[in-house]
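The residues making up each chain are set out below.
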Amino acid sequence: MKYDVVVVGSGPAGTVTARFAAEAGVNVLIIERRAEVGVPVLCGEGISRKIDEWNIIKGTRWMAGKMEGARIYSPDGTCVKLSAERAGNETGYVIYRDVFDQELARLAIEAGAELMTNTNATGLIKEKGRIRGIRAKHFDEEIEIEADIVVGADGVDSKIGKWAGIDTTLKPEDLETCCQYTFANVKNLDSYCDFYLGKEIAPGGYIWVFPKGKGIANVGIGILASLSEAGMAKKLLDNFISKDPRFKNAHPLRFLAGAVPVALPVETVRDNLILVGDAARHVDPITGGGLTHCLEVGKIAGEVIGKAVKEKNFSKEFLSEYETRWKGAIGKKMKRNYMVKEIMLDMDDKTFNMLADSLKDYKFDELSTFSLIKALVKKHPTLLMKLRPLMKVAKET
Ligand SMILES: Cc1cc2nc3c(=O)[nH]c(=O)nc-3n(C[C@H](O)[C@H](O)[C@H](O)COP(=O)(O)OP(=O)(O)OC[C@H]3O[C@@H](n4cnc5c(N)ncnc54)[C@H](O)[C@@H]3O)c2cc1C
């Protein structure tokens, strides 16, 4: 089997990359180890309205609800309300993630990409140290897929980068342990995504309640692996649900556990190789949201692959246009948000309460990190010391 490009993983990062490469005339194969694209769903299913501007996914089949905004609750219950435009990566729409992923895959196939499910990548084919394709198991059959470029879009526990010699190790403090229910018969849901913060509630992370319509809610928790122990995420989430009256007569339709990287991105290009999405750690380190980045970065990857195939140049040097462009799009924000994540880790519940108190009446019209810090410090000057490391990056954003 020979293709210009083999993409490992049919999540949003893989299928968007494949689609834009195929649209540029590239012969692409996506391989997916699961039997069905997008299933099982392990996601809060929140996505920013930014995707409206990109024209990457159309229609409404994948949309469970359009959100007015987000409410962020501090440990003492103080609520900070944000409009959908201001609320970041996970607020705008709540989606049916399985339908969303399948729609992105459909668009890739429509553009000319091929997709093989039940196909697990087991290693890289290398010749004199150069990557030449992928070894995989399709059902019980061992196969070899030759390709000029291998795209690692194989998610949080990516092997492709590691096989290529890239250090993709995630430290426990850069990994969120998550679990998530979909509940039916939840009462009093509206069109806001709710986030609950606090050391007791979700150490190093948060609990979310995202409404999906008809009394259905996606409810989950992410806690930092370094602050966690076996079973802790589920225990904390169950405790929260048992105390929230909205869930009194609700029952789960689905429960799943997994992880999300909250790290800085790794090296994303080598000769004949590109990493995208969670495999590249393209996830917002504060929120753990990765979907918008997958779309934004996947498009760039597909376009650069298109040029590389046209020029028959698969060198790291040529492919590094991809790294330069994704850094231009999300690099600064990733660095800043990683720093904010680190600062938040040192905060106790009292500080979270002070932050919420400073922001609860803040007019989020002029939203820059700098203006936020000014607002915070004005009401609670003691926050200045904690936020000082942010001042330098804040002036640039
Ligand atoms: C609990 C939870 C909640 C989340 N909530 C949100 C949210 O609300 N909003 C948001 O924006 N982000 C959220 N995220 C993050 C988001 O889900 C990820 O950023 C996103 O799925 C990354 O897409 P991807 O294509 O990089 O990887 P994935 O979607 O993980 O896709 C990788 C694919 O590769 C396949 N694969 C892996 N290894 C192989 C192999 N060896 N061979 C073949 N195929 C392979 C996998 O089966 C999978 O289909 C959440 C994550 C978790 C865990």
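Residues numbered from 1 in each chain as written. Predicted model: local features only at pLDDT ≥ 70, side-chain atom pairs only at ≥ 80, totals over all residues. Heavy atoms only, no water.

### Examining the site of the ligand
Around the ligand there are 35 residues in total, and Glu32, Gly44, Gly46, Arg97 and Asp278 lie nearest to it. At 2.7 Å from a nitrogen atom of the ligand is found a main-chain nitrogen or oxygen belonging to Gly44. Here Ala121 contributes a backbone N or O atom positioned 2.9 Å from a nitrogen atom of the ligand. Looking at the shell around the ligand, the elements that each hand over two or more residues are α1 (12-23), β9 (119-127), β14 (206-213), β16 (251-261) and α6 (291-311). (Near = heavy atom within 4 Å. Polar contact = N/O pair within 3.5 Å; in protein donor to acceptor, adjacent residues only side chain to side chain. Helix = DSSP H or I, 4+ residues; strand = E, 2+ residues; numbered from the N terminus.)

### Description of the side chain of Thr78
Along the chain, Thr78 falls in the loop between β5 (69-73) and β6 (79-83). The class for Thr78 is buried, based on a relative accessible area of 17%. A distance of 2.7 Å separates the side chain of Thr78 from the side chain of Asp76, its partner in a polar contact. (Buried < 20%, exposed > 50% of the residue type's maximum accessible area, 1.4 Å probe, protein only.)

### Observations regarding the domain arrangement of the chain
When its domains are assigned, the chain resolves into domain 1 (2-57 + 97-171 + 264-334), domain 2 (65-92 + 172-261) and domain 3 (339-396). If you average the C-alpha positions of domain 1 and of domain 2, the two centres end up 28 Å apart. Counting residues at the interface gives 25 residues for domain 1 and 27 residues for domain 2. Summing both sides of the interface, domain 1 and domain 2 together bury roughly 2100 Å²; the carbon and sulfur share of this comes to 52%. Considering only the surface of domain 1 that becomes buried against domain 2, Leu42, Arg49 and Lys171 emerge as the three largest contributors, covering 33% of it. (Domains from an automatic or database assignment. Contact = heavy atoms within 4.5 Å. Buried area = accessible area lost by both parts, 1.4 Å probe.)

### Re the sheet that holds strand β3 (residues 46-48)
The antiparallel open sheet is built from three strands, whose spatial order is β3-β7-β4. Unpaired on one side and paired on the other, β3 and β4 (63-66) mark the two borders of the sheet. Across the sheet, the mean angle separating the axes of adjacent strands is 30 degrees when strand polarity is ignored. Sheet topology places β3 next to strand β7 (residues 92-95); three bridges connect them, and they run antiparallel. (Pairing = 2+ DSSP bridges. Axes fitted to C-alpha atoms, helices over the stretch in contact; angles between N-to-C directions.)

### Considerations on the pattern of salt bridges
Here the structure, examined in full by the defined rule, presents 26 salt bridges. The partner of Glu144 in a salt bridge is Arg135, and the shortest N-O contact between them spans 3.2 Å. Here Asp238 ties to Lys234 by a salt bridge, and the two come within 2.8 Å at their closest N and O atoms. One end of the pair is Asp238 and the other is Lys234, both in helix α5 (residues 232-243) and four residues apart, which spans about a single turn. For Asp238, a relative accessible area of 26% gives the class partly exposed. Lys234 gets classed as partly exposed once you look at its relative accessible area, which sits at 35%. What you see here is one network of salt bridges that share partners, running through Arg71, Asp190, Asp194, Asp244 and Arg246. (Salt bridge = Lys/Arg side-chain N within 4 Å of Asp/Glu carboxyl O.)

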